[in-house]
Protein chains: 2
Amino acid sequence: MKIPYKIYLEESEMPMHWYNVRADMKNKPVPLLHPQTKQPMTLDELSQVFCCELARQELDDTTAYIPIPQEIRDFYKMYRPSPLVRAYCLEERLGTPAHIYYKFEGNNTSGSHKLNSAIAQAYYAKMQGLKGVTTETGAGQWGTALSMACSYLGLECKVFMVKVSYEQKPFRREVMRTYGASITPSPSNTTEVGRKILEQFPETGGSLGCAISEAVETASNLDGYRYVLGSVLNQVLLHQSIIGLEAKAAMDKYHIKPDIIIGCAGGGSNLGGLISPFAGQKLRGEADMRLIAVEPESCPSLTRGTFAYDYCDTGMICPLSKMYTLGSTYMPASIHAGGLRYHGMSSVVSQLYADGLMEAVSVPQTKVFEAAELFARVEGILPAPESSHAIRVAIDEALKCKETGEEKNIVFGLTGTGYFDLYAYKRFNDGEMSDYVPTDEEIAASVAKLPQI
Amino acid sequence: MKIPYKIYLEESEMPMHWYNVRADMKNKPVPLLHPQTKQPMTLDELSQVFCCELARQELDDTTAYIPIPQEIRDFYKMYRPSPLVRAYCLEERLGTPAHIYYKFEGNNTSGSHKLNSAIAQAYYAKMQGLKGVTTETGAGQWGTALSMACSYLGLECKVFMVKVSYEQKPFRREVMRTYGASITPSPSNTTEVGRKILEQFPETGGSLGCAISEAVETASNLDGYRYVLGSVLNQVLLHQSIIGLEAKAAMDKYHIKPDIIIGCAGGGSNLGGLISPFAGQKLRGEADMRLIAVEPESCPSLTRGTFAYDYCDTGMICPLSKMYTLGSTYMPASIHAGGLRYHGMSSVVSQLYADGLMEAVSVPQTKVFEAAELFARVEGILPAPESSHAIRVAIDEALKCKETGEEKNIVFGLTGTGYFDLYAYKRFNDGEMSDYVPTDEEIAASVAKLPQI
């Protein structure tokens with residue numbers, strides 16, 4: 001059967017359930033711990049932070065298939081199914097016998113896969129009768145996605161945007177404003193924690209950790225508000241399983257058996273969503289394939305981190321999660337893939353990695369941008385720097401096939417577009433981009449500060 | 001039959017020919033005239049400016065279907081077929097019984113429909129053994145599209161970018177650089193015409209007219225180079241007919257009979273491409289529907305211009321075309337839809353309008369951005385300011401249906417995304433956008449300077 005350039009599922013073939021890989025895991029991810037008591041977070045405690053249904057999803061590690069509510073499925077139909085693209089042009093340019101596929105999540109205005117979970121989280125907030133949600137955003141993809149979802153449902157949306165991004169990415173901010181969100185540069189004087197930080201460091205450009213703290217404080221002080229988060233959590237991976245389910249359905253339709261599946265890994269939302277159904281097959285002994293996480297050399301949580309309980313935020317006010325971590329005090333170098341600058345990793349992904357179901361590899365950013373440029377030129381899509389980590393390794397694997405003559409099926413997640421990352425491309429085009437590899441001492445220093453559980 | 005949210009044609013259903021509406025026109029567009037001799041341009045003369053096959057296409061007003069070469073069809077498969085989207089969410093928000101559809105051309109990195117002609121023009125240049133092409137770009141969509149096409153085919157690409165855009169849109173410039181194009185802010189000291197202008201107006205921000213002159217001069221001085229243009233020309237409308245052909249095939253598949261088809265109109269490339277097959281039906285007496293061109297109130301060539309021979313460029317070095325024009329000396333107000341700031345209109349579109357086969361309407365930009373914001377919020381795509389002109393009128397027509405209770409099928413062209421137009425959205429969000437309606441005297445003054453033919 002001739003494989004088309006782009007495989008689009010019919011609407012009737014779109015998944016009606018999310019897949020919860022935890023249900024098939026022998027070693028389940030261990031529970032979140034309360035930041036003060038260090039005891040497992042109960043449903044009640046979680047429901048004070050997240051809305052009830054999301055707290056339930058966070059804790060549910062036995063239900064394999066969770067129905068996607070009709071309203072969310074209707075929203076998905078606006079920008080999904082996303083195409084599974086056969087990268088014929090890239091294959092030809094590389095001269096590889098491998099078949100390369102990518103699942104492209106960038107065809108919506110948020111520019112990434114983040115919208116898949118944003119609409120779900122906003123929907124449950126709406127169903128609970130909430131008035132609005134708060135969140136933080138760094139690179140801006142998550143904030144944009146949440147603004148879009150809230151605007152669609154008529155929810156208020158308050159985004160704390162890391163001040164340096166707020167100033168350097170005025171256009172990201174403007175997209176969110178167009179979707180009716182209110183954007184506050186963080187740290188701000190609207191919260192206690194913000195005022196405290198500003199007093200101590202009046203010139204600071206802010207950090208994701210600080211923005212999280214401000215968003216959490218704001219939600220807890222406002223009636224009818226909850227805090228929402230765009231990665232790391234079990235619930236987010238659940239919603240993102242739509243990526244892997246659609247990819248698998250498209251491949252099944254054309255009898256394609258993937259040999260290698262590759263995703264970039266920051267907090268793990270895209271990677272976890274993409275690989276979930278395939279990891280499920282491996283866990284149930286139904287199929288086998290390589291699953292590869294790609295992280296930046298400058299923020300190597302899987303490849304050089306420690307599998308231990310750690311705070312999800314640098315402010316240490318959020319619950320603790322058992323994960324591969326560089327330590328919540330680790331300060332990642334300011335690489336241009338902002339979405340991958342996170343000290344830890346989703347506990348689901350971490351457990352799969354610990355159990356040997358996945359591999360991980362780290363790559364330097366200049367090599368990532370070389371791959372991004374090649375991809376853009378032959379495939380016609382300017383990729384996000386985050387996604388380009390996966391492109392790099394897909395190309396490397398395809399070149400290995402060229403040496404061995406193997407016709408492997410290589411699938412990777414193209415999470416988004418780089419239209420708001422052109423400053424990074426400029427640095428690359430100007431030859432001003434450099435790489436950074438943290439020393440063992442540097443990593444050891446922040447790992448030494450891990451909480452004792 | 002339930003209409004899906006998005007109708008994607010199968011690859012096998014994609015058009016294999018472009019449609020040349022001139023073949024079905026009783027009143028053919030009259031020929032281009034030589035700027036000096038004022039005589040009809042011959043194939044030989046045109047071939048000194050454009051490559052041979054494109055010159056032939058420019059003159060061919062009898063062949064209805066022109067085969068699309070395989071290599072172009074393969075490139076099209078990378079980003080086409082573009083979806084015909086049923087705007088269910090917009091319909092619901094408006095509470096209209098009308099069925100609204102849009103043909104979305106923004107799902108490629110150039111962000112617009114311009115790629116459809118860029119790849120065709122670059123392909124014929126390559127086939128002729130040329131080394132490279134030159135062009136000008138204002139808003140940057142055409143320059144980006146051409147850079148992408150040239151990079152794919154291994155052609156050199158020299159873009160003269162209006163200096164004020166070069167400075168205000170550094171990221172557009174960066175996309176083109178990533179695709180390997182060389183970008184020169186215009187006016188520049190690399191050409192005679194540029195040096196002359198810089199001497200006279202050292203502080204000028206440049207203009208499209210000047211950039212065209214520099215691109216034409218550069219092409220004529222370099223061996224193996226030709227000049228290419230992204231709108232207005234017959235050949236461009238021919239390539240852009242892929243939009244209308246796909247839209248018609250998608251509608252035919254679901255037995256949808258369009259009542260109204262709406263497109264924004266600058267030089268006419270998108271509008272002409274979208275309406276061509278439908279205008280053909282009208283011309284052949286096979287079907288009837290309203291065809292509406294939407295232009296900015298500040299640059300109303302169809303609604304307030306004169307149907308006469310005029311220069312295609314403000315520098316008056318290009319051929320003359322018979323078209324609706326405000327006069328080549330007309331300086332359009334600096335509205336944010338840069339792609340619609342053109343004094344004239346494609347001669348095909350002009351002739352169809354003169355013959356009563358089309359309507360035209362002009363709209364103020366603040367109303368356009370109100371429509372853009374509403375559309376973005378319910379349909380999940382941040383539209384380009386140009387495209388939003390069509391959205392405005394589609395909404396207006398849908399609201400009329402709400403009053404009358406008519407279930408009309410309204411189709412419009414969503415030519416692109418607004419990711420590089422956020423400065424305009426910012427002005428709108430800040431309440432700083434205003435409208436401009438030229439006075440009759442202003443238009444009469446530039447029309448008075450039309451060449452006497």
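Residues numbered from 1 in each chain as written. Chains lettered and ligands numbered in written order. Predicted model: local features only at pLDDT ≥ 70, side-chain atom pairs only at ≥ 80, totals over all residues. Heavy atoms only, no water.

K.L.:
For the overall build of chain A, give the residues involved together with the corresponding values.
P.N.:
Helix and strand counts for chain A come out as 18 helices and 15 strands. A globule of 453 residues ought to have a C-alpha radius of gyration of about 22 Å, and chain A, at 21 Å, matches this closely. Along the longest, intermediate and shortest principal axes, the C-alpha atoms of chain A span 60 × 50 × 45 Å. Considering chain A as a whole, with its 453 residues, one finds that 65% of them fall into the buried category. Considering only contacts in chain A between residues 6 or more positions apart, those separated by 24 or more positions represent 76%. Total accessible area on chain A is roughly 15600 Å²; 50% of this is exposed by carbon and sulfur atoms. (Helix = DSSP H or I, 4+ residues; strand = E, 2+ residues; numbered from the N terminus. Rg over C-alpha atoms; globule rule 2.2 N^0.38 Å. Buried < 20%, exposed > 50% of the residue type's maximum accessible area, 1.4 Å probe, protein only. Contact = heavy atoms within 4.5 Å. Areas by Shrake-Rupley, 256 points an atom, 1.4 Å probe, with all protein chains shown as cover.)

K.L.:
Before we move on, can you summarise the pattern of salt bridges with the specific residues and values?
P.N.:
Residue and element names in this part refer to chain A. Taken as a whole and judged by the stated rule, the model has 48 salt bridges over all chains. One salt bridge in this structure joins K77 and D74, with 3.4 Å as the shortest N-O distance. In this pair, K77 and D74 both sit in helix α3 (residues 70-79), 3 residues apart, roughly one turn of the helix. Since its relative accessible area comes to 14%, K77 is described here as buried. (Salt bridge = Lys/Arg side-chain N within 4 Å of Asp/Glu carboxyl O.)

K.L.:
Lay out the packing of aromatic side chains with the relevant residues and their values.
P.N.:
Summed over all chains, the structure comprises 30 aromatic pairs over all chains. Clustering of aromatic rings is evident, with ring pairs tying together F75, Y76, Y79 and Y152 of chain A. We note K322 of chain A situated over the ring of F307 of chain A; from NZ or CZ to the ring centre the distance is 4.5 Å. Its guanidinium or amino end placed over the ring of Y166 of chain B, R173 of chain B lies 4.0 Å from that ring's centre, counting from NZ or CZ. (Phe/Tyr/Trp six-rings, centres within 6.5 Å; stacked < 30°, edge-to-face > 60°. Lys NZ or Arg CZ within 6 Å of the ring centre and 35° of its normal.)

K.L.:
Tell me what's going on with the sheet that holds strand β7 (residues 156-162) of chain A, and back it up with residues and numbers.
P.N.:
Residue and element names in this part refer to chain A. What the 4 strands build is an open sheet, ordered β8-β7-β6-β9; its pairing is parallel. The sheet terminates laterally at β8 (182-186) and β9 (225-227), the two strands that pair on one side only. Between one strand axis and the next, the sheet turns by 25° as a mean value, whatever way the strands run. In terms of strand pairing, strand β6 (residues 132-137) meets β9 through 3 bridges, oriented parallel. Its bridge partner lying in β9, T134 is registered against Y227. The strands touched by helix α6 (residues 141-153) are β6 and β7; relative to β6, the strand with the most contacts, the crossing angle is about 165°. (Pairing = 2+ DSSP bridges. Axes fitted to C-alpha atoms, helices over the stretch in contact; angles between N-to-C directions.)

K.L.:
If you had to explain helix α16 (residues 385-404) of chain A to someone new, which residues and values would you point to?
P.N.:
If you check α16 of chain A, its first and last C-alpha atoms are 29 Å apart, about what 20 residues at 1.5 Å a residue would give, namely 28 Å. Counting buried positions over the 20 residues of α16 of chain A gives 14, a clear majority of the element. (Expected span 1.5 Å × (residues − 1).)

K.L.:
I'd like a rundown of the relation of the copies chain B and chain A, residues and numbers included.
P.N.:
Expressed as a screw operation, the relation of chain B to chain A combines 0.0 Å of axial shift with a rotation of 180°, fitting to an RMSD of 0.0 Å. The two molecules are tied by a two-fold rotation axis, judged by turn and shift. Residue N107 of chain B of chain B places its C-alpha closer to the rotation axis than any other residue of that unit, at 3.2 Å. Both copies contact each other with a shared surface, as 100% of the interface residues of chain B are interface residues in chain A too. (Least-squares fit on C-alpha atoms with pLDDT ≥ 70 in both.)

K.L.:
Outline the sheet that holds strand β10 (residues 260-264) of chain A, listing residues and values.
P.N.:
Residue and element names in this part refer to chain A. Strand order across the open sheet formed by 7 strands is β1-β4-β5-β15-β10-β11-β14, with mixed pairing between neighbours. With one partner strand each, in any of the chains shown, β1 (6-7) and β14 (359-363) form the two edges of the open sheet. Pairing of β10 with strand β11 (residues 290-296), which is carried by 5 bridges, proceeds in the parallel orientation. By the bridge assignment, I262 is partnered in β11 with I292.

K.L.:
I'd like a rundown of the pairing of β10 of chain A, residues and numbers included.
P.N.:
Residue and element names in this part refer to chain A. The buried fraction of β10 amounts to 5 of the 5 residues, a majority that puts the element mostly inside the structure. Of the two faces of β10, both are covered, the one formed by I260, I262 and C264 as well as the one formed by I261 and G263. With helix α12 (residues 269-283) bridging β10 and its parallel neighbour β11, the resulting β-α-β unit is right-handed. (Right-handed = clockwise from strand over helix to strand, strands pointing away.)

K.L.:
Provide a residue-level description of the interface of chain B and chain A, including the pertinent values.
P.N.:
Between chain B and chain A, the contact holds 43 residues from the first and 43 residues from the second. Buried surface at the junction of chain B and chain A, summed over both partners, amounts to about 4100 Å²; 54% is from carbon and sulfur atoms. Counting every contact that joins chain B to chain A gives 2 salt bridges. Salt-bridge contacts for D430 of chain A lead to R177 of chain B; the nearest nitrogen and oxygen are separated by 2.7 Å. Where chain B meets chain A, there are 25 residue pairs in polar contact (both at pLDDT 80 or more). Elements with a minimum of two residues in the side of chain B that touches chain A: α3 (70-79), α4 (88-94), α6 (141-153), α8 (170-178), α15 (365-379) and α17 (422-429) of chain B. Among the residues making up the side of chain B that touches chain A, the classes are represented as 21 nonpolar, 8 polar and 14 charged. (Buried area = accessible area lost by both parts, 1.4 Å probe. Polar contact = N/O pair within 3.5 Å; in protein donor to acceptor, adjacent residues only side chain to side chain. Nonpolar A, V, L, I, M, F, W, Y, C, P; charged D, E, K, R; others polar.)

K.L.:
Tell me about the packing of α15 of chain B against helix α16 (residues 385-404) of chain B, residues and numbers included.
P.N.:
Residue and element names in this part refer to chain B. Closest axis-to-axis distance for the α15/α16 pair is 8 Å, and the angle between their directions is 85°. Judged by the angle between their axes, α15 and α16 are roughly perpendicular. Residues K367, V368, F369, E370, A371, A372, L374 and F375 of α15 pack against P385, S388, H389, I391, R392 and I395 of α16. Here the residues of the contact of α15 with α16 are counted per class, giving 9 nonpolar, 2 polar and 3 charged. (Parallel < 35°, antiparallel > 145°, perpendicular 65-115°, else oblique.)

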